[in-house]
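What follows is the residue order along each chain.
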Amino acid sequence: GLSTIMSTTTDANNMGGLFVRKLSGVAGLSFHTTKLMPVVFHSPPQYHHGKWTGASWSAGHFDPVLILGMMGDVCLGVFYLGRLEELK
C-alpha cells in the first residue's frame, strides 16, 4: 500500500516513481470501481402506481457504462501493444 513510502525519498531508489505508480493505480481502481457500482448494485425494475421504476438491462440503461468500459479496454489494449517492447 501507500505505507511503503517513507516521508523522505531519494532519487537513488526511485521512491518518487513508486509513489506516482501507486497513486495512479489507486486512481484507476477508483475510476473503474465507480463504473461497476451501478451495474452490480442496481435496483430491479418494479411496477408502482402504473409506472415502471428502477433500472433495466433490456431498456438500455447500462449501455453508456458498458460502452465506456469497452472503449477503455480498447484504449488499454492499444497502449499495451504500443509498449510491448518495454513489457518484455
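Sequence order as written defines residue numbering, which begins from 1 separately in each chain. Thresholds applied to this predicted model are a pLDDT of at least 70 for local features of residues and 80 or more for the giving and counting of side-chain atom pairs; totals over whole chains, interfaces and linings are not thresholded and use all residues. In computing side-chain properties, one takes all heavy atoms of the structure into account and sets aside hydrogens as well as water.

1. Section: the overall build of the protein chain
Point 1. Runs of H or I in DSSP of at least four residues are treated as helices and runs of E of at least two as strands, each being numbered from the N terminus. In terms of regular secondary structure, the protein chain is built from three helices and two strands.
Point 2. Helices (α) and strands (β) of the protein chain occur, in sequence order from the N terminus, as α-β-β-α-α.
Point 3. A total of 88 residues make up the protein chain; the buried ones form 10% of that total.
Point 4. Taking contacts inside the protein chain between residues at least 6 apart in sequence as the whole, the part at least 24 apart equals 13%.
Point 5. Note on areas: Shrake-Rupley with a 1.4 Å probe; residue coverage comes only from the protein chains shown. Taken as a whole, the protein chain presents about 7,300 Å² of accessible surface, with 68% of it coming from carbon and sulfur. When a residue's accessible area, from a 1.4 Å probe over protein chains only, is under 20% of the maximum for its type it is buried; when over 50% it is exposed; and in between it is partly exposed. Contact criterion: two residues are considered in contact whenever any of their non-hydrogen atoms come within 4.5 Å of each other.

2. What about the confidence of the model for the protein chain?
Point 1. What pLDDT conveys is the predictor's confidence in a given residue, as a value from 0 to 100. Of all residues in the protein chain, 77% attain a pLDDT of 70 or more, and the chain-wide mean is 75.
Point 2. For the protein chain, helix H3 (residues 84-87) is the element with the lowest average pLDDT, namely 75, and helix H2 (residues 63-82) is the one with the highest, namely 85.

3. Structural notes on the environment of Thr53
Point 1. Along the chain, Thr53 turns up in strand E2 (residues 51-53).
Point 2. Among the residues examined, Thr53 registers a relative accessible area of 36% and is labelled partly exposed.
Point 3. For Thr53, the residues in contact, after removing those within four places along its chain, are Pro44, Pro45, Gln46 and His48.

4. Some remarks on a nonpolar patch on the surface
Point 1. Only residues whose relative accessible area exceeds 30% and that take part in no salt bridge are eligible for patches, with like-charged residues grouped when within 9 Å of each other and nonpolar side chains (Val, Leu, Ile, Met, Phe, Trp, Tyr) grouped when within 5 Å. For this analysis, a salt bridge means a side-chain nitrogen from Lys or Arg found within 4 Å of a carboxyl oxygen belonging to Asp or Glu. On the surface, a nonpolar cluster with roughly 570 Å² of combined accessible area is contributed by Phe31, Leu66, Ile67, Leu68, Met70 and Met71.
Point 2. Looking at the nonpolar patch element by element, the count peaks at five residues for H2.

5. Observations regarding the environment of Pro44
Point 1. By the secondary structure assignment, Pro44 is in the loop between helix H1 (15-40) and strand E1 (46-48).
Point 2. For Pro44, a relative accessible area of 46% gives the class partly exposed.
Point 3. In sequence terms Pro44 and Ala55 are 11 residues apart; their C-alpha atoms lie 6.0 Å from each other.

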